Amino acid sequence: MILKNPAITVRNLTLGDGIPKICVPVTARDRTGLEEQLVKVRAVPCDMVELRADYYDGDPIEELAVLRERMPDMPILFTFRTKEEGGERTISREAYAALNRRAAGTSDEKSPGKGRNVAAADFIDLEFNRGEELLRELCRELQESGAKVIASFHDFEKTPDPRYLVHLLCRMQELGADMTKAAVMPQNEQDVLKLLQAAVEMKTQYADRPYIVMSMGRLGGVTRLAGTLSGSAVTFATAAASSAPGQMDADLVARVLNVLE
């Protein structure tokens, strides 16, 4: 049975309908680097911006506020990628939860829903591997504040079996995420096909909301351009420094996506 995958619309951007949307990461270490990267972001095709908060040496929420001021109409994805999943820093469970609550703009960390800061992120990335209990809890709290949650899974060493990838994506749906994401590393061509197999199975049988899938590195590059086939709602592309292996130039990605569409 093919399910309808309801789209999500934020700031006039619809995810899960039509051509895959391009998300460009910002990986600045400081305020100067942030301003320099934003100049480059404005110069390329970009539907949404990912703020990689784990790169920033200061308070990431101050960085988020600057980004919102500079790009008031652009949907922002706030991501603190932990060291365990290929990010730049380690962080405790408690600090991770508190930071993502602040990014969602809750006026009182213990009382979500009592107001939202104007500089809040539109989407918050939450790692599945931080624990199901925490993911379920934060999904509820951040959604009450008005943010959308993208639950994510990363494997920078291998590509799990397609059945396991489908299981993970379905489980993240069950835990309440608005969108789900799986990014894996291929060791050979067959691994790339495994990722696409799992994606098509989600698209045709299980997905009841938008999802994002990719095979990383040089081998997996084709999956970043194959959203029309795989059903992936978003692809990540670069305007400056990349935030993951295999990301391509945003201009190139936009041209290819339009040709394929």
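Residues numbered from 1 in each chain as written. Predicted model: local features only at pLDDT ≥ 70, side-chain atom pairs only at ≥ 80, totals over all residues. Heavy atoms only, no water.

**Examining the pairing of strand 8 (residues 179–184)**
Phase 1 of the analysis: Across the six residues that make up strand 8, a large majority, six, are buried.
Phase 2 of the analysis: The two faces of strand 8 match: M179, K181 and A183 on one face and T180, A182 and V184 on the other face are all buried.
Phase 3 of the analysis: Where strand 7 (residues 148–155) lies against strand 8, six bridges are found, and the strand directions are parallel. Among the inter-strand pairings, I150 is bridged to a residue of strand 8, identified as M179. (Buried < 20%, exposed > 50% of the residue type's maximum accessible area, 1.4 Å probe, protein only. Helix = DSSP H or I, 4+ residues; strand = E, 2+ residues; numbered from the N terminus. Pairing = 2+ DSSP bridges.)

**Digging into the environment of G227**
Phase 1 of the analysis: Its location among the elements puts G227 in helix 7 (residues 227–230).
Phase 2 of the analysis: Given a relative accessible area of 9%, G227 falls into the buried group.
Phase 3 of the analysis: For G227, the residues in contact, after removing those within four places along its chain, are P20 and S232. (Contact = heavy atoms within 4.5 Å.)

**What about helix 3 (residues 93–103)?**
Phase 1 of the analysis: Residues Y96, A97, A98, L99, N100, R101 and A103 constitute the buried set of helix 3.
Phase 2 of the analysis: Its buried side turned inward, helix 3 meets helix 2 (60–70), strand 5 (76–79), strand 6 (123–127) and helix 4 (132–145).
Phase 3 of the analysis: At the exit of helix 3 stands G105, carrying a positive phi of roughly 85°.

**Observations regarding the sheet that holds strand 10 (residues 234–238)**
Phase 1 of the analysis: Across the sheet, nine strands lie side by side as 9-8-7-6-5-4-3-10-11; this open sheet has parallel pairing. One side of each edge strand has no neighbouring strand; the edge strands of this open sheet are strand 9 (211–215) and strand 11 (248–249).
Phase 2 of the analysis: The sheet contact formed by strand 3 (residues 21–26) and strand 10 spans three bridges and is parallel. Directly across from C23, in strand 10, lies its bridge partner F236.
Phase 3 of the analysis: The strands that helix 2 touches are strand 4 (48–52) and strand 5; relative to strand 5, the one it contacts most, it runs at about 170°. (Axes fitted to C-alpha atoms, helices over the stretch in contact; angles between N-to-C directions.)

**Overview of helix 6 (residues 189–206)**
Phase 1 of the analysis: The end-to-end C-alpha distance of helix 6, which contains 18 residues, comes to 25 Å, matching closely the 26 Å that a straight helix rising 1.5 Å per residue would cover.
Phase 2 of the analysis: Looking only at helix 6, the buried set comprises D191, V192, L195, L196, A198, A199 and M202. Within helix 6, the buried residues cover an arc of 155° as seen down the axis, which keeps them to one side. Exposed side chains of helix 6 directed beyond 90 degrees from the buried face belong to E189 and Q190.
Phase 3 of the analysis: Buried-residue contacts for helix 6 involve helix 5 (162–174), strand 8, strand 9 and helix 7.
Phase 4 of the analysis: A distance of 3.1 Å separates the backbone nitrogen of Q190 from a side-chain oxygen at the start of helix 6, and that oxygen is part of N188. (Expected span 1.5 Å × (residues − 1). Arc of directions from axis to C-beta. Polar contact = N/O pair within 3.5 Å; in protein donor to acceptor, adjacent residues only side chain to side chain.)

**Observations regarding the nonpolar core**
Phase 1 of the analysis: F78, I124 and L126 are the most contacted members of the largest nonpolar core, which totals 67 residues.
Phase 2 of the analysis: Setting aside chain neighbours within four positions, we find F78 in contact with L51, A53, P60, I61, L64, L99, N100, A103, A121, F123, I124 and D125.
Phase 3 of the analysis: One finds V10, C23, F123 and F236 within the second-largest nonpolar core, a separate group that totals 18 residues. (Core = buried A, V, L, I, M, F, W, Y, C linked by side-chain atoms within 4.5 Å.)

**Observations concerning the packing of aromatic side chains**
Phase 1 of the analysis: This model, assessed by the stated rule, comprises zero aromatic pairs.
Phase 2 of the analysis: Cation over ring: R130 sits above Y96, and NZ or CZ is 4.7 Å from the ring centre.
Phase 3 of the analysis: Residue placement shows K181 over the ring face of F236; its charged tip is 4.5 Å from the ring centre. (Phe/Tyr/Trp six-rings, centres within 6.5 Å; stacked < 30°, edge-to-face > 60°. Lys NZ or Arg CZ within 6 Å of the ring centre and 35° of its normal.)

**Notes on unusual backbone geometry**
Phase 1 of the analysis: Positive phi, normally seen in glycine, also occurs at R11, with a value near 50°.
Phase 2 of the analysis: Looking at where R11 falls in the secondary structure, it is placed in the loop between strand 1 (8–10) and strand 2 (13–15).
Phase 3 of the analysis: Residue classification places R11 among the partly exposed residues on the basis of a relative accessible area of 36%.
Phase 4 of the analysis: Positive phi values are uncommon outside glycine, yet N12 reaches one of about 70°.
Phase 5 of the analysis: Classification of N12 by relative accessible area gives exposed; the value is 81%.

**Some words on the confidence of the model for the protein**
Phase 1 of the analysis: Averaged over every residue, the pLDDT of the protein is 91; residues scoring 70 or more account for 90%.
Phase 2 of the analysis: Here residues 107–115 scores under 50 on pLDDT; set against residues more than four positions off or in separate chains, the count is 13 contacts. (pLDDT = per-residue confidence, 0-100.)

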